[in-house]
Amino acid sequence: MRALIWLVRLFLFLVLFGFALKNDEVVVLNFFFGSQWQVPLVLVILLFVVIGVLIGVTATLATVYRQHREISSLRGKVDSGSFPVERRGAPPVVSGPDLPESY
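Residues numbered from 1 in each chain as written. Predicted model: local features only at pLDDT ≥ 70, side-chain atom pairs only at ≥ 80, totals over all residues. Heavy atoms only, no water.

1. Topic: the overall build of the protein chain
Right, so step 1: When helices and strands are tallied, the protein chain shows 2 helices and 2 strands.
Right, so step 2: Starting at the N terminus and ending at the C terminus, the protein chain contains elements arranged as α-β-β-α.
Right, so step 3: In the protein chain, which comprises 103 residues, the proportion classed as buried is 3%.
Right, so step 4: Contacts in the protein chain between residues far apart in sequence, at least 24 positions, make up 3% of those at least 6 positions apart. (Helix = DSSP H or I, 4+ residues; strand = E, 2+ residues; numbered from the N terminus. Buried < 20%, exposed > 50% of the residue type's maximum accessible area, 1.4 Å probe, protein only. Contact = heavy atoms within 4.5 Å.)

Have a look at this one:
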């Protein structure tokens, strides 16, 4: 399995490297007040991919941090005994028309 993962990584690297070699033309980015920036197209694409990843990670971090705080507070409630927890030896038996026969 490890070798397969490395083969996929190598293939992806070669595809992206080939893409970079085919798109080495210089593009001009025009900014405000007449300023310009001349860079290869691959760097422009890479820059915007990195910016997109950073925006996605920061958007996800707020949710992860909030869930981490909620989990910590619930663990504190369970440890202090203010949150009722039923501890039985066997799981409850569930039956009904919607459930498969294996239950």
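2. Section: a nonpolar patch on the surface
Right, so step 1: Together, Leu7, Leu10, Phe13, Leu14, Phe17 and Leu21 give the surface a local cluster of nonpolar side chains, amounting to about 630 Å² of exposed area.
Right, so step 2: Considering the arrangement of structural elements, one finds leucine 10 in helix α1 (residues 2-22).
Right, so step 3: The partly exposed category is assigned to leucine 10, whose relative accessible area is 45%. (Patch = residues over 30% accessible without salt bridge, like charges linked within 9 Å, V, L, I, M, F, W, Y side chains within 5 Å. Areas by Shrake-Rupley, 256 points an atom, 1.4 Å probe, with all protein chains shown as cover. Salt bridge = Lys/Arg side-chain N within 4 Å of Asp/Glu carboxyl O.)

3. Comments concerning the packing of aromatic side chains
Note on aromatic pairs: each is described by the distance of the centres and the angle between the planes.
Right, so step 1: Within the structure shown, the criterion is met by 2 aromatic pairs.
Right, so step 2: With a centroid separation of 5.9 Å and an interplanar angle of 15 degrees, the aromatic rings of phenylalanine 13 and phenylalanine 17 are classed as stacked. Here the residue phenylalanine 13 and the residue phenylalanine 17 both occupy positions in helix α1, the gap between them amounting to 4 residues, near one helical turn.
Right, so step 3: For phenylalanine 13, a relative accessible area of 52% gives the class exposed.
Right, so step 4: Overall, phenylalanine 17 belongs to the partly exposed group, its relative accessible area being 43%.
Right, so step 5: Taken together, a centroid distance of 6.4 Å and an interplanar angle of 35 degrees make the contact between phenylalanine 31 and tryptophan 37 tilted.
Right, so step 6: Assessed through its relative accessible area of 46%, phenylalanine 31 is described here as partly exposed. (Phe/Tyr/Trp six-rings, centres within 6.5 Å; stacked < 30°, edge-to-face > 60°.)

4. What about unusual backbone geometry?
Right, so step 1: One non-glycine residue, phenylalanine 33, adopts positive backbone phi at about 60 degrees.
Right, so step 2: Examined against the element boundaries, phenylalanine 33 turns out to sit in the loop between β1 (26-30) and β2 (36-40).
Right, so step 3: By relative accessible area, which is 89% here, phenylalanine 33 ends up exposed.

5. Thoughts on the pairing of β1
Right, so step 1: The sheet contact formed by β1 and β2 spans 5 bridges and is antiparallel. Of the residues in β2, the one forming a bridge with leucine 29 is tryptophan 37.
Right, so step 2: If you look at the hairpin formed by β1 and β2, you'll find 5 residues sitting between the two strands, and phenylalanine 33 has a positive phi there, around 60 degrees. (Pairing = 2+ DSSP bridges.)

Everything listed is a geometric property; what it means functionally is a separate question.
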